[in-house]
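Observations on chain architecture
As a plain string of letters, each chain reads:
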Amino acid sequence: MPPVNRAEHGGRANGGMNGNGGKGGAPTQRIEIDEGSPLGAQACSPPKPFKAPKPASKMGAPNGAQGHFSMDNMGGGPPKMSMPSPFNSCSMTKASATYEHDLMFRTPSDRIASYFSPNALNLTKSVLKDKLGGSAFSSPVPRAAPVPANGNLDQSTMSRGGQGYEEEDDEDFEAAEERSFAFSRQRALPLSHDDEITALSEEERDSHVRYEMFLDAIDEGVIAPIKQQWIDNVCMMARLDTFPDIPGHIADGMINDTLEEMNMLYLRSVKQSISEYVLLNADERKRLKVPVTPEESSVERRIEFKFGETMDRGNNMPPATWGRSVALARDIMSKSLFAVNSCALELQNTWVAYEDQLLLDVRLDGSHRASELDRYKVAQIDHSETVRNTLRKKWYPSIVQTFLNPPPDDGLDALIYSKHHVFKAIGVLMTRQLRGLVETTCTSLARFFEEFLPIPEDQIPMAITGKNEVKIMPAFYVKLVVSGNHIRIVPGLDEIESSLSSMLDHAVGACEGFPPLDPSCLPPYSPFSDLEQPPNEDKSISVEQLQADSISITTQLFDGIEGVSALRVARSEEDSIVSTKDRIRAVLAANMAGPRAVVEQYEKYVQEFMNLLSLDPYKLGEEYKAAQHPLSQYEEDILKFRKAADDVLDVTVNDVFMGLFAVQTEPVKRGIAAKALQMAEVLLSQVLADNVDEMNEVCMRFEALNSRAMEKPKESHEMKKLKAFLEAAPKEQAQLHAKIINISKRVNFLHNLNKEVPDEDMLLNTKTYMWPEKIVPVLDTAMERIVNQEERMEDALRARQKKFEDEVTATTEELQSFAQCGDAKYASQYLEQAVKLQGTLEALVEELAAVNEQEEIFGWNPTVNPTVDENLRNLEPYDGLFRAVTEAQDNVESWMTGSIIGLNPEQVENDVDTMWRTSYKLCKTYADSGPLLKLAEAMKTTVGNFKPHVPLISVLCNGGLRDRHWEQFAECVGFSIKPHEKTSLTNMIERNLDPYLTKLEEISESASKEWSLEKNLEKQLGEWQGMNFEMQPYRDSGTSILSGGAVDEIQTILDDQIVKTQTMLASPYIKPFEARAKDWESFLLITQDVMDLWLKVQAQWLYLESIFASDDIKKQMPKEAERFAKVDGVFRGTVAKCLEDPKVLVFTRTEGLLDSLKESFDLLELINKGLNAYLEQKRLYFPRFFFLSNDELLEILAQTRNVQAVQPHMMKCFDAIKGLDFGGQHAQSPLTQFDENSVDIYGIISPENEYVTMGKNLKARGEVENWLMAVEKRMVESLRQLSKESVVDYTQRPRKDWVKDHGGQILITTSQIYWCKGAEQALDGELVAGNPHQGVQQWYEQNVEYLGDMVMLVRGELTPLQRGAFVALITIDVHNRDILEYLINDKTDSKHDFNWQMRIRYYWDENAPTPGGDCRIQQVTADFWFAHEYLGASFRLVITPLSDRCYMTLTGALELKLGGAPAGPAGTGKTETT
């Protein structure tokens, strides 16, 4: 197929690769790739622009050399080349002549187009030069203005309009036209430079220019975008998955470039179609002045020519123009092919000295020696650097020297004129030479490794013993080492591959970084230099100067390589290098079988010894300690571990030669032996530790015996315990002796197994052996001492008993003397004696308990003496009498002589009554005891004499008496009786106030009532003194609110005090402070009103603050927002004042507070009315908002910019939509990366986590109700489309496969459609011709088979979502089976039978109002379109016989525009039916 360049139809003539294909850089339409396309997640990104080429030299060209183009710029296409894959940009090896451009680095699209585009038939060099002005393959001469893209513009046409070309005379132009030629359209590849037969006329040229301008003028915005299906088909035919070795970033760039070019080609072709359609009108063609298009010119001028079967002269020979075309091609090649000249040949000869060098030290003669991987890598890298330095210091300077002093050549002048093209070709030649070095190195390295054949399996045993024949020395040493519980090969296969790969990459990189040679870097004396040689300068240059200049230029070029595009020699991603790595990797993998066999040998050995490497030393010791193994078991296992350490040395030889690798086994031997000896040492250490523990225990117990025996008890009970301990000591000694015998056995065990015992453990052992003899005399001495001490304690106890008896007798005698105490003057002394005697008796009780304890210790009978308790009981009456008489005397004396001001009338009255009753009882108690009766009667007389003065104390000591009351007292008695601090009751009695006592009592009682009211007011005020309003910050609002605890407390106090205050105002005694009480009542009522209004305003403010914080709400409700702003200001001002002084007594008296709160409350009422009307409007627009409360709806409306605010409420608006997929937040979203700021809705998510895609261009923008309406509409459309796809898919594969690829709701709907269809076909006699009964039976059996398939699926491995959907489908299928069984039993034979019509039936109606058809539901006379409300993947619990009745009743009601509410017993299917 002839070649084509993508610039031909890409619209890049004016904009290059900048993505602008129209005139003036109009934006090119973008290609979008659907996620479902074969490209997967790869998206098209705008291509990077090509860099424009540098302008050509301004020098004039010799005659006939107007421009030198490589074959890349010719319509003849590229040379033949090896191209394993047109998509691999790094796998093309040059096999062509040295042109000025290297084809190896062409883009994928260019290479593909070169082989597969039929439009290349119309391409010429002129077209390519014009169209590829910004391409990497264009001529070095930039174009000045657009030139028509046609197949008949020759090189001379370009010379007239392009920069860098000189004008030709008419003769040259006509000669060029005469050299034009044609080629056969039947050839697979063009054979000529141009496909022209004659030159174009001026009219044709102008027509072509106008045509191109007409194409550029067409606005791309009016062109329909390329169809996504076309893009998907292209990607599918490209089979992008067949190139897995292409790196991801390279593949992405190639795909993007290709798709972008396809889009531009599409736009170009549509523009051409539009223009051709317009030009069909002759008038339009005349008006546009386009008499002929480029395509028409090409067709008219092309000569059809075919070669005949023979080449006889005169028989079917080409015309004369064929020869001229061959001559023209030869002439062009002589000017653009730079392989045949003296400089190029000299460079080829120079390279001979370096072409045999390799970038790596590869020895194919077997002279290598095995080395470690790291050393090998370092040595190879050093070798690569050495070769690079050689090329840089010798080869490159020699190339420079060639152009400083070029060899003689007849065509040198032409080369000098075309020097920029020559140097480009030389760069290609240098690249080829360096690349050959890379390829030779790769080939040699692969051959070197492939010489190492893997060791045959039958020779592995001989290699392990060192008896195998080694034909070639291994290349690498690998070690077997113990790593944890496993044996590893070091370095491992991955590490070896990585090291060798990086080594090869470094070698490839050694040929990179070579700068291209440029005329601008040459000195003036070089004929190729851009600099002019100064006049009169000596032109003779010495060899030494040439060498010095070549080295200097080389150094300058390499030092400035950062700013220059270096020669591109090879890349690590190329097929040849990747293939070399694969070959090496295969050799490594094959040869690694030998080392792995050695590893298996050692692992097998380890398994024989208790899986030695997997043993944990700590756990092993703990297990043996817990199991309490005998010493014999310890000895057996220790010897086994020691044997393992010895025998491992004989498993293999130290160095095992196995192909590529020499396996060093000494490390693994050391590791296994160390682990075995460690295990043996662990067991020995455990025995030693057990022995040390037991020795410590024995010594500790002996020390305890010794310490206890050395104790000297002071009390009898301590002595008794010590004696019992000493008597049990022999038994303890016997147990310790047995333990010492075990210790001795362990010591001998450790000695026999050569276990070194620490010195401290040996000292402990000696100490343990010495204890038995050391403890015997200690115990004997202790026993003797205890016996002597016991005798002394018994004597002391007898003396203690006698002393106790004597003290009891003395207390009895003293108690008897109290009966003679009858003098009231000595009552206080009698009381002191009684208290002292009571203390003595209590001490005797304690002494008796101590004596009884001692007696019990010695085994004596306890002493019993009831006299002590009896004396305590007898002492109580005397103590009570003496105490009552003394207190009565003291109180009366205090009341009579003390200050009257401090007396409490109520307390005095109570005390007098108590003393009087006590004296009366005492007189009766001691009526028969003469002296004691005198004491009681004296007390009675004292109290009786004081009682008449009690009323006077009540009058004069009233706490409610004020100055006004004392003035009333003075008016009554005729003189002032107001007491002072020294006034006593005796003084008042002396004033003879008894005649006025009645009147004084009335005044005192009135004072008491007034005082009670006053105290109540003071108490209420006191309750408010510490009462403050407690405020707490409210979120981030910048203000505070009243806290609940303080509000409740204030409200409780208010309610209580308002009632109390109103009661006090009704009292007749309130007059002295009536004004104060009324003022207090006013304060309480105002405070209550403030609290009520404040709390109401605060509640409404809290509700509305978050609502009107939203700018969207403010815009939609401006009047209410203005009112709320006023309320907000009042509320915040109130809070601020309260925070300044939060005391309730102060703040509630703030002027204007109550009025401002009332006004705010009225405004809030108006705001709420407006808000309710606003919400009602939203609900009427989107009725699903009726399912939300006001708070929930306002939460959504107040956050219209936050699309995520809708998510928590989706389940209330849509019964089965748990959330929406914004920006790809779901795992099954079409987007691969989540965008948290996205407003694009890609799908809906059910409570069961089922995902349903919503297509494209669904955005959550604007009012919430608007895009929710769009979501509802898209939900219906998406489910309808999914249902349609499912209906089509059902017929194309088995049902058990179909169910796996569709959602739960879609499965049930589609299954019902086809079940109904199959049942009606059976009833119509279509399933079994003419036999409805047999048809229903057959359909029944088919449904039973379907059920069996579903049961098998449910028993397998399914996702939770699939399992739920399948279970629900099985429930429906079971119900359908039962319906068919009912039809069979009832012998139903027509679909018009009521037995069938009563069932709810699903149909797919292709004639539905919606495109593509829709689902229709029928039952009896009811007929509905399926609503496609998303129901998720919910399960079906049960379908009962009542379900069909419910269906029929409800559908009938809906048909009549009514509703229904299922009712019935539990478990009959009400919820499921609804």
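Residues numbered from 1 in each chain as written. Predicted model: local features only at pLDDT ≥ 70, side-chain atom pairs only at ≥ 80, totals over all residues. Heavy atoms only, no water.

**Things to note about the overall build of the chain**
Cut-off, in case you're wondering: In this description a helix means any DSSP run of H or I spanning at least four residues, a strand means any run of E spanning at least two, and both kinds are numbered starting from the N terminus. Only protein chains enter the accessibility calculation, which uses a 1.4 Å probe; a residue whose area is less than 20% of its type maximum is buried, one above 50% is exposed, and one in between is partly exposed. Whether two residues are in contact is decided by their heavy atoms, any of which lying within 4.5 Å being enough.
On a plain count of helices and strands, the chain comes out with 48 helices and 13 strands. Out of the 1474 residues belonging to the chain, those deemed buried represent 46%. The long-range fraction of contacts in the chain, counting pairs at least 24 apart against all pairs at least 6 apart in sequence, stands at 74%.

**Focus: the pattern of salt bridges**
If the charged atoms of two oppositely charged side chains come close together, the side chains can form a pair. So the rule is basically this: Here, a salt bridge means any side-chain nitrogen of Lys or Arg that lies within 4 Å of a carboxyl oxygen of Asp or Glu.
With the rule as written, the count across this model stands at 49 salt bridges. Here Glu220 and Lys271 are joined by a salt bridge, their closest N and O atoms 3.4 Å apart. Of the two residues, Glu220 sits in the loop between helix H5 (202-217) and helix H6 (228-238) while Lys271 sits in helix H7 (residues 248-278), which places them 51 residues apart along the sequence. Note on accessibility: Glu220 and Lys271 belong to one class, buried.

**A short note on the side chain of Thr652**
If you trace the backbone, Thr652 turns up in the loop between helix H21 (631-647) and strand E4 (655-658). Residue contacts for Thr652: discarding those within four places in its chain leaves Ile464, Val598, Tyr602, Thr665 and Lys669.

**Let's talk about the pairing of strand E5 (residues 661-664)**
We count it as follows: Strands qualify as paired when DSSP identifies two bridges or more between them.
Of the two faces of E5, the one lined by Phe661 and Val663 and the one lined by Ala662 and Gln664 are each fully buried. Across four bridges, the pairing between strand E2 (residues 476-483) and E5 is parallel. Of the residues in E5, the one forming a bridge with Lys479 is Gln664. Taken together, the four bridges between E4 and E5 define a ladder with antiparallel strand orientation. Across the sheet, the residue bridging to Val656 is Val663, located in E5. In sequence, E4 turns back onto E5 through a hairpin of two residues, with Gly659 there showing a positive phi of about 70°.

**Structural notes on the pairing of strand E11 (residues 1401-1405)**
Across the five residues of E11, five count as buried, placing the element largely inside the fold. Burial along E11 is two-sided: the face carrying Arg1401, Tyr1403 and Asp1405 and the face carrying Tyr1402 and Trp1404 are both buried. Two elements, E11 and strand E12 (residues 1414-1419), share five bridges in a ladder whose sense is antiparallel. Residue pairing for E12: Asp1405 is matched across the bridge by Asp1414.

**Regarding the sheet that holds strand E10 (residues 1251-1253)**
In plain terms, the rule: Angles here are taken between N-to-C directions and fall from 0 to 180 degrees, while the axes themselves are lines fitted to C-alpha atoms, restricted in helices to the stretch in contact.
Across the sheet, three strands lie side by side as E8-E9-E10; this open sheet has antiparallel pairing. The open sheet terminates on both sides in strands that have one partner only, identified here as strand E8 (1219-1222) and E10. The average angle at which neighbouring strand axes cross in this sheet is 30°, direction not considered. Examined bridge by bridge, strand E9 (residues 1241-1245) and E10 share three bridges and lie antiparallel to one another. Within the sheet, the bridge partner assigned to Ile1245 lies in E10 and is Tyr1251.

**Topic: the sheet that holds E12**
Taken together, the three strands give an open sheet; going across it, the order is E11-E12-E13, and neighbouring strands pair in antiparallel fashion. If you trace the sheet from one side to the other, it starts and ends with E11 and strand E13 (1422-1425), each paired once. Averaged over all neighbouring strand pairs, the angle between strand axes comes to 25°, with direction disregarded. Lying over the sheet, helix H47 (residues 1441-1455) contacts E12 and E13, oriented at roughly 80° with respect to E13.

**Things to note about the confidence of the model for the chain**
Our working rule: Note on scores: pLDDT gives the predictor's confidence for each residue, bounded by 0 and 100.
Looking at the chain, the pLDDT average stands at 77 and 82% of residues meet or exceed 70. This model gives residues 1-198 a pLDDT under 50, and the stretch forms 462 contacts once residues within four places in sequence are excluded. In this model residues 301-316 is a low-confidence stretch, pLDDT under 50, and it forms 32 contacts with partners more than four residues away in sequence or in other chains.

**Brief notes about the packing of helix H14 (residues 419-450) against helix H16 (residues 493-509)**
Convention followed: By the definition adopted for this analysis, an angle is roughly parallel if under 35 degrees, roughly antiparallel if over 145, roughly perpendicular if from 65 to 115, and oblique otherwise. Each crossing gets its hand from how the near helix is turned against the far one by less than a right angle, where anticlockwise is left-handed and clockwise is right-handed. Basically, the charged four are Asp, Glu, Lys and Arg, the nonpolar ten are Ala, Val, Leu, Ile, Met, Phe, Trp, Tyr, Cys and Pro, and anything else, Gly included, counts as polar.
H16 packs onto H14 with a crossing angle of 155° between their chain directions and a minimal axis gap of 10 Å. Looking at the two axes, H14 sits roughly antiparallel to H16. Considering only the axes of H14 and H16, their crossing is right-handed. On H16, the residues touching Val438, Cys442, Leu445 and Phe449 of H14 are Leu500, Met503, Leu504 and Val508. Grouping the constituent residues of the contact of H14 with H16 by class yields eight nonpolar, no polar and no charged.

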